[in-house]
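If you want the building blocks of each chain, they are given just below.
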Amino acid sequence: VIATLNRLETLDGKSEQISMEKFKMYLTMGDDVKAFEEIENLANEYPYDMRYLTILGDLYLNNGKSDKAYDTYMEVLKKEPKYIPALLSLASYYEKQGNDSLYHNQIDSLLLNESVDSNSKLEIMRGLIVKSEQSDRDRSKIASLFNSILNTKQENADIAMLAAQYFLTKKMDKESIPILNKVLELDPE
């Protein structure tokens, strides 16, 4: 498989798909060194694309190399301090380290940052809702986050609609009325 992927790479050039497949194969074969070298080479091939360096950090984090993950995220953020995927990955790092206060600070700063796109905020909130349902089921934390987000400028009604769905599902009818009005304000149709 590696030989075939190498031939494809020779024909098509280095790509994320081929490098990720080679990474997986090397891990399957138990060769962690070559696996990570593959993604490091991809990141080096495209030094101005912070996505590959962030992917490398994520792979370090998910494969028990937390220190390398942190260093990689810091390298990305040194080059591009507002790079959202690296900021999200840093939050995951804090969570895996069990550092709840830094995790929550990082998530809050992303959710309240107007430069973070609506889709990213939706994904973060969905993840937080799932975690809340699996653990403490504390509606007040999620409700407070929604209210804080909705007090910032919104690019569309997506967050407000998710908030309205959440409030209605939790039988928080009274609290859902201003949110439903916000949905109509953001998207009259």
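Conventions used here
- Residues numbered from 1 in each chain as written.
- Predicted model: local features only at pLDDT ≥ 70, side-chain atom pairs only at ≥ 80, totals over all residues.
- Heavy atoms only, no water.
- 1 Å grid on protein atoms, 1.4 Å probe; cavity = no way out; pocket = protein on both sides within 12 Å on 5 of 7 lines; lining within 4 Å.
- Points joined across faces, edges and corners; volume = space filled by probe spheres on them.
- Helix = DSSP H or I, 4+ residues; strand = E, 2+ residues; numbered from the N terminus.
- Nonpolar A, V, L, I, M, F, W, Y, C, P; charged D, E, K, R; others polar.
- Contact = heavy atoms within 4.5 Å.
- Polar contact = N/O pair within 3.5 Å; in protein donor to acceptor, adjacent residues only side chain to side chain.
- Core = buried A, V, L, I, M, F, W, Y, C linked by side-chain atoms within 4.5 Å.
- Buried < 20%, exposed > 50% of the residue type's maximum accessible area, 1.4 Å probe, protein only.

**Student:** Even after reading the chapter, I still don't get the layout of surface pockets, so can you show me in this structure?
**Tutor:** The calculated volume of the largest pocket comes to roughly 280 Å³. Those elements that place two or more of their residues in the lining of the largest pocket are α7 (100-111), α8 (118-134) and α9 (139-150). If one sorts the elements of the lining of the largest pocket by residue count, α7 sits on top with four residues. Among the residues making up the lining of the largest pocket, the classes are represented as five nonpolar, three polar and six charged. Volume-wise, the second largest pocket comes out at about 150 Å³. What lines the second largest pocket is Leu88, Ala91, Ser92, Glu95, Tyr103, Ile107, Ser120, Glu123, Ile124, Gly127, Leu128 and Lys131. Sort the elements by how many residues they give to the lining of the second largest pocket and α8 lands first, with six residues. Of the residues contributing to the lining of the second largest pocket, the split by class is six nonpolar, three polar and three charged.

**Student:** Looking at this structure, I do not really get the environment of arginine 51. What am I missing?
**Tutor:** The residue arginine 51 is located in helix α4 (residues 50-62) in this model. Separated by 34 residues in the primary sequence, arginine 51 and proline 85 place their C-alpha atoms 7.5 Å from one another. Excluding its chain neighbours within four sequence positions, the residues that come into contact with arginine 51 are Glu16 and Tyr83. In this structure the side chain of arginine 51 is engaged in a polar contact, spanning 3.2 Å, whose partner is the side chain of tyrosine 52.

**Student:** Please clarify how the nonpolar core should be interpreted in this entry.
**Tutor:** A general tendency of soluble globular proteins is for nonpolar side chains to be buried together. Leu111, Met125, Leu128, Phe146 and Phe167 are the most contacted members of the largest nonpolar core, which totals 56 residues. Here this core gets eight residues from one element, more than from any other, and that element is α4. Look past the residues within four positions of phenylalanine 146 in its chain and what remains in contact with it is Met125, Ile129, Ile159, Leu162, Ala163, Tyr166 and Phe167.

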